[in-house]
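Geometric and topological summary
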Amino acid sequence: MSARKPVYYGEYLGLDALLGAQKPLSGRDGRPAHDEMLFIITHQAYELWFKQILHELDSVREDFSGRTVPESRIGTAVARLSRVVEIQKLLVDQLRVLETMTPLDFLDFRDALTPASGFQSFQFRLIERKLGLPDSTRAKFEDTPYFKRLSGAHRKLVLAAGKSDSLFALVERWLERTPFTRFGGFDFWREYRKAVGAMLDRDERIIRSNPALDPEGLARELQALGATRVSFGALLDPERHALLVRDGSWRLSHAATLSALLIHLYRDRPILHEPFRLLEKLVEVDEQFALWRTRHAIMVHRMIGTKIGTGGSSGHQYLMKAAAAHRVFGDLFNLSTFLIPRSSLPKLPPKVARALGFAHGAA
Ligand code: HEM
């Protein structure tokens, strides 16, 4: 057997290509801008981490794409999504390094970049698509679809990613398949409706007896409570739920919503620990992206004020709109509205309680 060639660090990591990939443009006119190197390296570091995030998301999507999801793979998905969340925290923090560049330093090379922009990061778009960000909820960017700004090859990749199942769709199907919402003869949802009704009645009494509210404030609070009652009513009624889905105010299917709610309510039961952790991780991924978007938008405001972006958007304004609108798992956040204290939860019949103590095997 021939001896294996010794692995050389620089070769293994492809350092010649990696370290040769910083090509500042500002020197072309004889006035190199010192900070352009930082700008390039920061973006490249982001793109490397985006690649790792895609690697993790693809593996979770793969595990969830079968007809069943083996119990052990849920733990793996939780571990991989936890890794994604840690990377995202780094991505938020990393903007601090870029902010050591002042707006004037940026102006030294900004014009050389036009019309390139992070808006054209195809990996960022792949992450959005693979997570399941719907195009219909995107903030408007000059009335042209975002993928029109990508090169032909990148556009193809991003559009192809939209044709396979997103993590949102796969998790939705997994939730629909879980057997937790069927309780034999026990009408869990009737008992639960009563408990939530009592909670909302209590909230209404608190609002009405709040001396700090003027008539306008009172009307506002009561209106918000009324809206909560409406969405709660829709939560348990498939037809009203379908209306919410149609008008875009809810996205998760009725069956999946009920499963997710049950997982939240009974997360202390052994069988629901991992499913709960999974839902929690999805919320964290969404939260970290919202934080990144907001943090990036604030940095952009500081860097370019109210100028338009190099990609031609309204800059800070567009980015703030995107930060508010570009959410994937918003329904999982909204579920918290309908949580009731453990002490008010309907008591489960022994047979159901027993079933929630062991592996269900049907996920
Ligand atoms: C001086 C630093 C930066 C400035 C002034 C800046 C500015 C902007 C602006 C104005 C936009 C909106 C599109 C446009 O009109 O160009 C944008 C979008 C974007 N930027 Fe940055 N950016 C900076 C750094 C970064 C970094 C380090 C990343 C990391 C990859 C990044 C990633 C993105 C992404 C992904 C978008 C698209 C966001 C979306 O459509 O939701 N940017 N940027």
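Here we summarise the structure given alongside this text. Just so we're clear, the structure is a prediction, and the values are computed from it rather than from any experiment. (Residues numbered from 1 in each chain as written. Predicted model: local features only at pLDDT ≥ 70, side-chain atom pairs only at ≥ 80, totals over all residues. Heavy atoms only, no water.)

**Observations concerning the overall build of the chain**
- On a plain count of helices and strands, the chain comes out with 16 helices and zero strands.
- A principal-axis box enclosing the C-alpha atoms of the chain has dimensions of 80 × 75 × 30 Å.
- Taking all 363 residues of the chain together, 43% fall into the buried category.
- Considering only contacts within the chain whose residues lie at least 6 apart along the sequence, 77% involve residues at least 24 apart.
- Carbon and sulfur atoms make up 57% of the accessible area of the chain, which amounts to about 20,100 Å² in all.
- With 52 positive and 42 negative side-chain charges, the chain shows a separation of 4 Å between the mean positions of the two kinds. (Helix = DSSP H or I, 4+ residues; strand = E, 2+ residues; numbered from the N terminus. Buried < 20%, exposed > 50% of the residue type's maximum accessible area, 1.4 Å probe, protein only. Contact = heavy atoms within 4.5 Å. Areas by Shrake-Rupley, 256 points an atom, 1.4 Å probe, with all protein chains shown as cover. Lys, Arg positive; Asp, Glu negative; His and termini not counted. Charge placed at Lys NZ, Arg CZ, Asp CG, Glu CD.)

**Focus: the pattern of salt bridges**
- Within the structure shown, the criterion is met by 25 salt bridges.
- Residues arginine 31 and aspartate 29 are paired through a salt bridge, measuring 3.7 Å at the closest nitrogen-oxygen approach.
- Its relative accessible area of 63% is what places arginine 31 among the exposed residues.
- Taking the shortest distance from any N to any O, the salt bridge between arginine 277 and glutamate 274 comes out at 3.1 Å. Of this pair, arginine 277 and glutamate 274 both sit in helix 13 (residues 273–304), three residues apart, which is roughly one turn of that helix.
- Assessed through its relative accessible area of 38%, arginine 277 is described here as partly exposed. (Salt bridge = Lys/Arg side-chain N within 4 Å of Asp/Glu carboxyl O.)

**Re the side chain of serine 166**
- Looking at where serine 166 falls in the secondary structure, it is placed in the loop between helix 7 (152–161) and helix 8 (167–177).
- In this structure serine 166 comes out as buried when scored by relative accessible area, which is 10%.

**Concerning helix 11 (residues 238–246)**
- Between a side-chain oxygen at the N-terminus of helix 11 and the backbone nitrogen of glutamate 239 the separation is 2.9 Å; the capping residue is aspartate 237.
- Backbone geometry just downstream of helix 11 places glycine 248 in the positive-phi region, at approximately 85°. (Polar contact = N/O pair within 3.5 Å; in protein donor to acceptor, adjacent residues only side chain to side chain.)

**Here we look at helix 6 (residues 122–131)**
- Helix 6 sits mainly inside the fold: nine of its ten residues count as buried.
- Every buried residue belonging to helix 6 is among Gln123, Phe124, Arg125, Leu126, Ile127, Glu128, Arg129, Lys130 and Leu131, and all of these are buried.
- The secondary structure elements touched by the buried residues of helix 6 are helix 3 (36–63), helix 7, helix 8, helix 13 and helix 14 (316–325).
- Backbone geometry just downstream of helix 6 places glycine 132 in the positive-phi region, at approximately 115°.

**Here's the deal with the site of the ligand**
- Taken together, 28 residues form the shell around the ligand, and within it Ser117, Arg293, His296, Ser313 and Tyr318 come nearest.
- Taking serine 117, its side chain carries an N or O atom lying 2.7 Å from an oxygen atom of the ligand.
- With respect to the ligand, the side chain of arginine 125 contributes an N or O atom lying 2.8 Å from an oxygen atom.
- Residue assignment for the shell around the ligand shows that the elements contributing at least two residues are helix 3, helix 6, helix 13 and helix 14.
- Top element by residues in the shell around the ligand is helix 13. It accounts for six residues.
- For the shell around the ligand, a count of residues per class yields 16 nonpolar, ten polar and two charged. (Near = heavy atom within 4 Å. Nonpolar A, V, L, I, M, F, W, Y, C, P; charged D, E, K, R; others polar.)

**Here's the deal with empty space enclosed by the protein**
- Within the structure shown, the criterion is met by two cavities of 30 Å³ or more.
- Of the voids in this model, the largest cavity is the one considered here, and its volume is about 80 Å³.
- Taken together, Ile127, Glu128, Leu131, Leu133, Asp286, Phe289, Arg293, His326, Arg327 and Val328 make up the full set of residues lining the largest cavity.
- Listing elements by their share of the lining of the largest cavity, those giving two or more residues are helix 6 and helix 13.
- Among the residues forming the lining of the largest cavity, the class breakdown is five nonpolar, one polar and four charged.
- Within this model, the second largest cavity holds a volume of roughly 30 Å³.
- Along the walls of the second largest cavity sit Phe50, Gln88, Leu91, Gln288, Phe289 and Trp292, which together make up its complete lining.
- Contributions of two or more residues to the lining of the second largest cavity are made by helix 4 (71–98) and helix 13. (1 Å grid on protein atoms, 1.4 Å probe; cavity = no way out; pocket = protein on both sides within 12 Å on 5 of 7 lines; lining within 4 Å. Points joined across faces, edges and corners; volume = space filled by probe spheres on them.)

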